[in-house]
Amino acid sequence: MKNIKLKIKGYGALKPVVKVDGKVIKFKKNEFGSFESNVQTEKEKVQIEIYRYLEINSRLWWLTQIFFFVISIFGILDPLKEKSCVVIDYKSELDLTTAESASVELAINTAKTDGKAIELKSECACVEETNEFYVDKKAKKRVKIMKAVKLLVFLACVAVATTAIVLTFTK
Amino acid sequence: MRKRTNVAEGEQSVDLQQNKTITPPVGIAAKMFCNHLGKISSNLSIFLWALSILCFLSVFLTFLVPAIYFFVLIIMTVLSLGTTFLTIENFGNWWHFDPTFLRNFSFGVFNAAPWLCGAAMIYSAITIAMALIDKNNRNWSMFTMGLVFGILSAITFVVSLAFGGVK
């Protein structure tokens, strides 16, 4: 059984999903503010995946958004939404053939010139497949459309309510 | 048109926009849905509890409005002394004080308090459920919010019932 000590810096701001061999990893915050986890595996090579998923990209997003809009009293009590639509797409393979245990330090970057999302430090060899930080154009467009529709519906509701009140009191 | 993303000062900005989309897996999408629902439920429970408190306090309108009325009346009387256009009769015509209507209105609003508290308690329960639904990643801050406003709503519910709400 091989042990991987995962440490992740800059996790709190974006809170991406970290997977090791397809299994979602749960992190615990240490006294220095970074997040740690221990992963045990039998494999010689493990795949590390880090994604930041956007709610607006999920299937049936429009249905869930309508539901949230209605139950939050026409969006008034809906918490502030994702505006930046920043996505992390990271996939790498860690070679554990020579080591019984490995410590892996992952640092999440901010939007940088090279668009690299993660910096990985480890004594083991690591092959990166994807390492990107990008703004999802489609999600951004969806957010804009959603905002416009919500504003229109909200104004329509206000207009209907005002008319109803005026008609009630003028009768 | 190339759009630019904010970067730290001194660094060159680069176009980070892409047409690529990653669809979240069903499990993660469900967790995000629950988290969002929990946040809305938490907001709703706070809102409904605050509204129930206002309704509860509305009963004081019965005492407060006549007090304001007579206070204004005294000021108007003082002001009208020596003037021709400000008189008590003019003021009385402008503001018709109807104690029966006021009493019915304030007690009608007061009766809504337990119902609002009941709804706030339901939303608090949803918040707590949504906070604990993910066994691996329980949201304790959301749980605390749900618990605190659930307890507050329960207290307001009991007190408003004790004062004669819902008849």
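Structure shown above.
All of these numbers come straight from a predicted model, not from anything done at the bench. (Residues numbered from 1 in each chain as written. Chains lettered and ligands numbered in written order. Predicted model: local features only at pLDDT ≥ 70, side-chain atom pairs only at ≥ 80, totals over all residues. Heavy atoms only, no water.)

Engineer: Go over the interface of chain A and chain B with me, naming the residues and quoting the values.
Structural biologist: Taken together, the contact pairs 36 residues of chain A with 30 residues of chain B. For the pairing of chain A and chain B, the buried interface totals around 3100 Å² over both sides, and the portion due to carbon and sulfur atoms is 66%. For the interface between chain A and chain B, the tally reads two salt bridges. Here Glu132(A) and Lys20(B) are joined by a salt bridge, their closest N and O atoms 2.5 Å apart. Counting every contact that joins chain A to chain B gives six residue pairs in polar contact (both at pLDDT 80 or more). Among the secondary structure elements, those contributing two or more residues to the side of chain A that touches chain B are β2 (17-20), α2 (61-71), β7 (86-95), β10 (126-136) and α3 (137-170) of chain A. For the side of chain A that touches chain B, the class distribution of residues is 16 nonpolar, six polar and 14 charged. One ladder, built from two bridges, connects β10(A) with strand β1 (residues 17-18) of chain B; its direction is parallel. (Contact = heavy atoms within 4.5 Å. Buried area = accessible area lost by both parts, 1.4 Å probe. Salt bridge = Lys/Arg side-chain N within 4 Å of Asp/Glu carboxyl O. Polar contact = N/O pair within 3.5 Å; in protein donor to acceptor, adjacent residues only side chain to side chain. Helix = DSSP H or I, 4+ residues; strand = E, 2+ residues; numbered from the N terminus. Nonpolar A, V, L, I, M, F, W, Y, C, P; charged D, E, K, R; others polar. Pairing = 2+ DSSP bridges.)

Engineer: Go over the side chain of Asn57(A) with me, naming the residues and quoting the values.
Structural biologist: Relative to the helices and strands, Asn57(A) resides in the loop between β6 (45-51) and α2. Look at Asn57(A) and you get buried, because its relative accessible area is 4%. At 2.8 Å, the side chain of Asn57(A) forms a polar contact with the side chain of Asp136(A). Among all residues touching Asn57(A), those that are not within four sequence positions of it are Asp136(A), Ala139(A), Arg142(A), Thr21(B), Ile22(B), Thr23(B) and Pro24(B). (Buried < 20%, exposed > 50% of the residue type's maximum accessible area, 1.4 Å probe, protein only.)

Engineer: Describe in detail the sheet that holds β6(A), supporting the description with residues and values.
Structural biologist: Overall, mixed pairing links the six strands, which are arranged β3(A)-β2(A)-β6(A)-β7(A)-β10(A)-β1(B) in an open sheet. Of all the strands in the sheet, just β3 (23-24) of chain A together with β1 of chain B have a single pairing partner and so form its edges. Along the sheet, α3(A) makes contact with β10 of chain A together with β1 of chain B, crossing β10(A) at roughly 25 degrees. (Axes fitted to C-alpha atoms, helices over the stretch in contact; angles between N-to-C directions.)

Engineer: Explain the packing of aromatic side chains to me, using residue names and the numbers behind them.
Structural biologist: Under the defined criterion, the tally for this structure stands at eight aromatic pairs over all chains. Pairing Phe67(A) with Phe68(A) gives two aromatic rings, centres 5.7 Å apart and planes at 50 degrees, and the pair type is tilted. On the basis of relative accessible area, Phe67(A) is assigned to the partly exposed category, the value being 36%. Each ring, one from Phe69(A) and one from Phe74(A), has its centre 5.8 Å from the other, and the planes form 70 degrees; the classification is edge-to-face. Exposure remark for Phe69(A): the relative accessible area of 8% places this residue in the buried category. Taken together, the ring pairs in this structure connect Phe67(A), Phe68(A) and Phe33(B) into an aromatic cluster. (Phe/Tyr/Trp six-rings, centres within 6.5 Å; stacked < 30°, edge-to-face > 60°.)

Such coordinate-based values are descriptive only and should not be taken to indicate function.
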